[in-house]
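Examining the three-dimensional arrangement
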Amino acid sequence: MTSDALVDALVRSTFQVAGVLTRIGAERDLSLTQLRVLGILRDRRPNMTELAAFLGLDKSTLSGLVDRAERRGLVARGKNPQDRRVVDVFLTPAGLELAEQVYDEVRRALAPAMSRLDPQDQDRLVRLHAALHSPG
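First, a word on scope: everything that follows refers to the structure included in this document. (Residues numbered from 1 in each chain as written. Predicted model: local features only at pLDDT ≥ 70, side-chain atom pairs only at ≥ 80, totals over all residues. Heavy atoms only, no water.)

1. As for the pattern of salt bridges
- In the structure shown here, the tally under the stated rule is 12 salt bridges.
- For E100, the salt bridge identified is with R42, shortest N-O distance 3.4 Å. Taken together, the residues span a long stretch of sequence, with E100 in helix α5 (residues 93-114) and R42 in the loop between α2 (32-41) and α3 (48-55) at a distance of 58 residues.
- Overall, the relative accessible area of 32% leaves E100 in the partly exposed class.
- One salt bridge connects D83 with R85, and the closest N-O pair in it is separated by 3.0 Å.
- Take D83: its relative accessible area is 24%, and that puts it in the partly exposed class. (Salt bridge = Lys/Arg side-chain N within 4 Å of Asp/Glu carboxyl O. Helix = DSSP H or I, 4+ residues; strand = E, 2+ residues; numbered from the N terminus. Buried < 20%, exposed > 50% of the residue type's maximum accessible area, 1.4 Å probe, protein only.)

2. Let's talk about the packing of aromatic side chains
- Under the defined criterion, the tally for this structure stands at 0 aromatic pairs.
- Over the aromatic face of Y103 sits the side chain of R42, whose NZ or CZ is 4.2 Å from the ring centroid.
- Above the ring of F54, the side-chain terminus of R44 is found at 4.9 Å from the ring centroid. (Phe/Tyr/Trp six-rings, centres within 6.5 Å; stacked < 30°, edge-to-face > 60°. Lys NZ or Arg CZ within 6 Å of the ring centre and 35° of its normal.)

3. Observations concerning the layout of surface pockets
- The computed volume of the largest pocket comes to approximately 1600 Å³.
- Forming the boundary of the largest pocket are 32 residues, of which S13, V17, L110, H129 and H133 lie nearest the centre.
- Those elements that provide at least two residues to the lining of the largest pocket are α1 (3-27), α2, α5 and α6 (119-133).
- Broken down by element, the lining of the largest pocket gets its largest block of residues, 10 residues, from α1.
- Of the residues contributing to the lining of the largest pocket, the split by class is 20 nonpolar, 6 polar and 6 charged. (1 Å grid on protein atoms, 1.4 Å probe; cavity = no way out; pocket = protein on both sides within 12 Å on 5 of 7 lines; lining within 4 Å. Points joined across faces, edges and corners; volume = space filled by probe spheres on them. Nonpolar A, V, L, I, M, F, W, Y, C, P; charged D, E, K, R; others polar.)

4. A closer look at α1
- A rise of 1.5 Å per residue sets the reference length of α1, with its 25 residues, at 36 Å; its end C-alpha atoms lie 36 Å apart and thus fit the reference within 8%.
- D29 sits one or two residues past α1 and shows a positive phi near 55 degrees. (Expected span 1.5 Å × (residues − 1).)

If you want it as structure tokens, here you go:
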């Protein structure tokens, strides 16, 4: 396989997943970036600087994004327990419920494609993605 074929495969995969996420987000009046926030916050409580880095956004753009999610009751801000000067962002119960609903719907939407892989290939794909996304 050439590197072009690999890039094409990754891009096709990204388009498929982004299409699913965009559709599911639109049904809930959420942008792709807002969905990313929900996904990031499902299992962590980053501070604003860390969240901006996860999303590749500057702090002012992130502040507006968090403000809008806060007004919808999906996220909240709170003092970091280790450093009271730092502001953490976390999901509210309503935000966590929505994040879980979205995740379940994404899983159902991608299931037909994933079912074309046998369990060993699914495991291999998980390991390969982990290798692609590991630092260094």
